[in-house]
Amino acid sequence: MTHAMVKGSNVPLDAMAVRAVLRWTPGAGVPDVDASALLLGAGGRVRSDEDFVFYNQPRHPSGLVRRLPKRSLPEGLTDTIEADLNALDPSVEQVVIAASSDGAAFEHVRDLRILLYDAAAAGGEPLAVFDVRAETGEETAIICGELYRRGDGWKFRAVGQGYPTGLIGLATAFGISVDEAEPEPEPQAPAQPEPQ
């Protein structure tokens, strides 16, 4: 049975390996959307920069959280994060699933939703569905949902929290060190000879 989620709601998971599929409707003026995941330890922070799975680092060193190739389906474009929750190190307390937009804010992204599937089941209905809506429209990154430990099991929470500072702002909020390109030095005017 698929759980239709509202912002802030949560649902227990029986599946120990899940696929979190971000899906949206492409079109003119619609930016591309990228899925990413942050593996958080105590205090809601990453343990190291390796705990950030995104387009430039599509696989966690453990191999247990990975970004799958984008797909074009009749329902829309998808970008997917797969996580083997059961095998994750006990120090990982949460896996945050986020979306970032490329070139424009989320007010231009239509029909964004996250669908959570049992990764062990081929096909089938999603376990949970959450329609992600931008709060202000100015967001360029949004936490769509989070997978978190509760007792001996895992739960999924629908979040929908936006960041106007993009993927970099979201990542640094969870403790990722981001090396931004240094600005090019301004060209210096040729030195003028000092008057004698």
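Everything below is about the structure shown above.
Residues numbered from 1 in each chain as written. Predicted model: local features only at pLDDT ≥ 70, side-chain atom pairs only at ≥ 80, totals over all residues. Heavy atoms only, no water.

Enquirer: How should the sheet that holds strand 1 (residues 3-5) be read in this particular structure?
Expert: Strand order in the open sheet formed by six strands is 1-10-9-3-7-6, with mixed pairing between adjacent strands. Each edge of the open sheet is held by one strand with a lone partner, namely strand 1 and strand 6 (65-73). Each adjacent strand pair in this sheet contributes to an overall mean axis angle of 20 degrees, direction not counted. Pairing analysis gives eight bridges linking strand 3 (residues 17-25) to strand 7 (residues 76-84), with the strands arranged antiparallel. Pairing of Ala 20 across the sheet is with Ile 81, part of strand 7. (Pairing = 2+ DSSP bridges. Helix = DSSP H or I, 4+ residues; strand = E, 2+ residues; numbered from the N terminus. Axes fitted to C-alpha atoms, helices over the stretch in contact; angles between N-to-C directions.)

Enquirer: Sorry if this is basic, but what is going on with unusual backbone geometry here?
Expert: Leaving glycine aside, a negative phi is the common case for residues, and trans is the common case for peptide bonds. A positive phi is found at Asp 111, a non-glycine position, where the angle reads about 60 degrees. Its location among the elements puts Asp 111 in strand 9 (residues 110-118).

Enquirer: Please explain the nonpolar core as it appears in this structure.
Expert: General note: in soluble globular proteins, nonpolar side chains tend to be found buried as a group. Within the largest apolar cluster, 38 residues are counted, with the highest numbers of intra-cluster contacts made by Leu 85, Leu 88, Val 95, Ile 114 and Leu 147. Those residues in contact with Leu 85 that lie beyond four places of it in its chain are Leu 13, Met 16, Ala 17, Val 18, Val 95, Leu 147 and Trp 154. Membership of the second largest hydrophobic core comes to 16 residues, among which are Val 96, Ala 141, Ile 143 and Val 159. (Core = buried A, V, L, I, M, F, W, Y, C linked by side-chain atoms within 4.5 Å. Buried < 20%, exposed > 50% of the residue type's maximum accessible area, 1.4 Å probe, protein only. Contact = heavy atoms within 4.5 Å.)

Enquirer: What am I meant to see in the packing of aromatic side chains here?
Expert: Two descriptors summarise a pair of aromatic rings, namely the distance from one centre to the other and the angle between the planes of the rings. Here the structure, examined in full by the defined rule, presents two aromatic pairs. Note on Phe 54 and Tyr 55: the rings are 5.3 Å apart at their centroids and 70 degrees apart in plane angle, and the pair reads as edge-to-face. On the accessibility criterion, Phe 54 (16% relative accessible area) is buried. Residue classification places Tyr 55 among the partly exposed residues on the basis of a relative accessible area of 40%. One aromatic cluster in this structure is built from Phe 52, Phe 54 and Tyr 55. The ring centre of Tyr 148 lies 4.2 Å from the NZ or CZ of Arg 157, which sits over that ring. (Phe/Tyr/Trp six-rings, centres within 6.5 Å; stacked < 30°, edge-to-face > 60°. Lys NZ or Arg CZ within 6 Å of the ring centre and 35° of its normal.)

Enquirer: Quick question: what am I supposed to make of the environment of Leu 73 here?
Expert: Within the secondary structure, Leu 73 is located in strand 6. For Leu 73, a relative accessible area of 26% corresponds to the partly exposed category.

Enquirer: Is there a simple way to think about the pattern of salt bridges in this case?
Expert: One pass over the full model with this rule turns up nine salt bridges. We note a salt bridge from Asp 34 to Lys 70, for which the minimum N-O separation is 2.8 Å. A residue pair is termed long-range when its members are at least 10 positions apart, and Asp 34 in strand 4 (residues 32-40) and Lys 70 in strand 6 qualify at 36 residues. On the basis of relative accessible area, Lys 70 is assigned to the partly exposed category, the value being 33%. Across the salt bridge formed by Glu 82 and Arg 66, the nearest N and O atoms sit 3.0 Å from each other. Taken together, the residues Glu 82 in strand 7 and Arg 66 in strand 6 connect sequence positions 16 residues apart. In this structure, a network of salt bridges that share partners links the residues Asp 32, Asp 34, Arg 67, Lys 70 and Asp 79. (Salt bridge = Lys/Arg side-chain N within 4 Å of Asp/Glu carboxyl O.)

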